[in-house]
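Observations on the three-dimensional arrangement
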Amino acid sequence: MDYKSAGVDIEAGYKSVELMKKYVKRTMREEVLGGLGGFSGAFSLSKIKDMEEPVLLSGTDGCGTKVKLAMIMDKHDTIGIDAVAMCVNDIACAGGEPLFFLDYIACGKNYPEKIASIVSGVAEGCVQSEAALIGGETAEHPGLMPEDEYDLAGFTVGVCDRKDMITGEDLKAGDVLIGMASTGVHSNGFSLVRKVFEMTKESLDTYYEELGTTLGEALLAPTRIYVKALKSIKNAGVRIHACSHITGGGFYENVPRMLKEGTRAVIEKNSYPVLPVFGLLAKTGNIEEQMMYNTFNMGLGMVLAVDRSDVDKAMEAIRAAGDTPYVVGHIEEGEKGVTLC
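Here's a quick rundown of the structure. For clarity, every value in this text was computed on a predicted model and none was experimentally measured.

Reading the values: rules and limits
Residues numbered from 1 in each chain as written. Predicted model: local features only at pLDDT ≥ 70, side-chain atom pairs only at ≥ 80, totals over all residues. Heavy atoms only, no water. Helix = DSSP H or I, 4+ residues; strand = E, 2+ residues; numbered from the N terminus. Buried < 20%, exposed > 50% of the residue type's maximum accessible area, 1.4 Å probe, protein only. Expected span 1.5 Å × (residues − 1). Salt bridge = Lys/Arg side-chain N within 4 Å of Asp/Glu carboxyl O. Pairing = 2+ DSSP bridges. Axes fitted to C-alpha atoms, helices over the stretch in contact; angles between N-to-C directions. Phe/Tyr/Trp six-rings, centres within 6.5 Å; stacked < 30°, edge-to-face > 60°. Lys NZ or Arg CZ within 6 Å of the ring centre and 35° of its normal. Core = buried A, V, L, I, M, F, W, Y, C linked by side-chain atoms within 4.5 Å.

Position of Glu198 relative to the elements: it lies in the loop between α5 (190-196) and α6 (201-204). You can call Glu198 exposed: its relative accessible area is 56%. Separated by 22 residues in sequence, Glu198 and Val176 have C-alpha atoms that sit 40 Å apart.

This is the structure we're talking about:
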């Protein structure tokens, strides 16, 4: 009896690490100390000494049941972007710069090429967010998970000067709300998505004219990373008063999280284009509009509030970073919450 006969292939683990090294290398920053394979990842904090009061920000998340689509489609090179995005977007909307990221992959059986493909997506997400991939873990769980299945999660640490934190305390009536376009469903609401559409290879490979692509490709589109856009706004000299990452719970849960007491967000539903995939979801699943806005991002992955005098400068900075902004509403005095009109 040995470990391999028990279901854990140590040699496959070694091969996975070798295959993923070229992807991890793309994410390196000069602050990274040591290489891949140690017991811990080391990252120098010497650069933050210039900050008046450095604050570390952390976030952890996964891709939810979106991984099920990746498995059905046998496409594993973008799901890692989602894992990174879900973590670094939370850091960024608090005003932080992501520094490094670690991933965790649990699988029924370690297929080195598949694991390396997953990590290639993680590395791409790290490149997009300028975070170093300094470590991770691939764990085989024979008997606990089917051999061809896996789950993916991650953890990130970022930093910002306390004076630059986005807390919502600067928010006031008259501030303008700017939304940044999403790439699709992102990584939330897939338990509902999987109830609406048949989760088979044939169904996901079906081409839809309104989507301009197959259903699977539209649903698997990786979560947009907004780190560079928010950094661009800051570099343009614009103070973001409040910011919300539109994730699970959609508008009704996430927008109030950025508000302070006595302020209310008013968002105009017709102020930006709702992506076709959401129309298809609502129609096919017979989902009421309020439930759509209470579950999905509906085409906006990030919503932020700025002073009215800074709107043009903020919009220009967002476009310069490669994102698409829309003026979607405003802040008014009232009971804390959000009105969609």
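Our focus in this paragraph is helix α4 (residues 112-129). For α4, with 18 residues, the first-to-last C-alpha span of 26 Å sits near the 26 Å given by 1.5 Å per residue. Just downstream of α4 lies Glu130, where phi reads positive at about 60°.

Attention now goes to the pattern of salt bridges. Scanning the entire structure with this criterion turns up 21 salt bridges. For Glu31, the salt bridge goes to Arg29, with nearest N and O atoms at 2.8 Å. There is no split in this pair, since Glu31 and Arg29 are both buried. Of the charged contacts, one joins Glu261 and Lys336 as a salt bridge, the two residues approaching to 4.0 Å between their closest N and O atoms. Here the residue Glu261 occupies a position in the loop between α9 (250-254) and β11 (263-267), and Lys336 occupies one in the loop between β13 (325-333) and β14 (337-340), the gap between them amounting to 75 residues. Here Lys336 falls in the partly exposed class, since its relative accessible area comes to 34%. Taken together, the shared-partner salt bridges in this structure form one network comprising Arg29, Glu31 and Glu97.

Within a sheet, neighbouring strands are paired by backbone hydrogen bonds and run either parallel or antiparallel to one another. Read from one edge of the open sheet, six strands run β10-β12-β7-β13-β11-β14, paired in mixed fashion. If you trace the sheet from one side to the other, it starts and ends with β10 (242-245) and β14, each paired once. Sheet twist, expressed as the mean angle between neighbouring strand axes with direction ignored, is 25°. Sheet topology places β10 next to strand β12 (residues 300-306); four bridges connect them, and they run antiparallel. What sits directly across from Ala242, in β12, is Ala305.

Let us now look at the packing of aromatic side chains. Per the stated rule, a full pass over the model turns up four aromatic pairs. Arranged with centres 6.0 Å apart and planes meeting at 50°, the rings of Phe278 and Phe296 form a pair that is tilted. Here Phe296 lies in the loop between α11 (289-293) and β12 and Phe278 lies in helix α10 (residues 276-285), a separation of 18 residues in the sequence. The same class applies to Phe278 as to Phe296, namely buried. The positively charged end of Lys109 is found above the aromatic ring belonging to Tyr111, 5.8 Å away from the centroid.

Before going further, it helps to examine the sheet that holds strand β3 (residues 54-62). Read across the open sheet, the four strands follow the order β3-β6-β4-β5; overall the sheet is mixed. Each edge of the sheet is formed by a strand with only one pairing partner; in this case those strands are β3 and β5 (132-140). Between one strand and the next, the sheet's axes are offset by a mean angle of 15°, whatever the strand orientation.

Take the nonpolar core next. With 88 residues, the main nonpolar core has Leu219 and Phe251 as its most contacted residues. The biggest single contributor to this core is helix α3 (residues 79-92), with eight residues. By size, the runner-up hydrophobic cluster in this structure holds nine residues, among which are Ile48, Leu99, Ala132 and Ile134.

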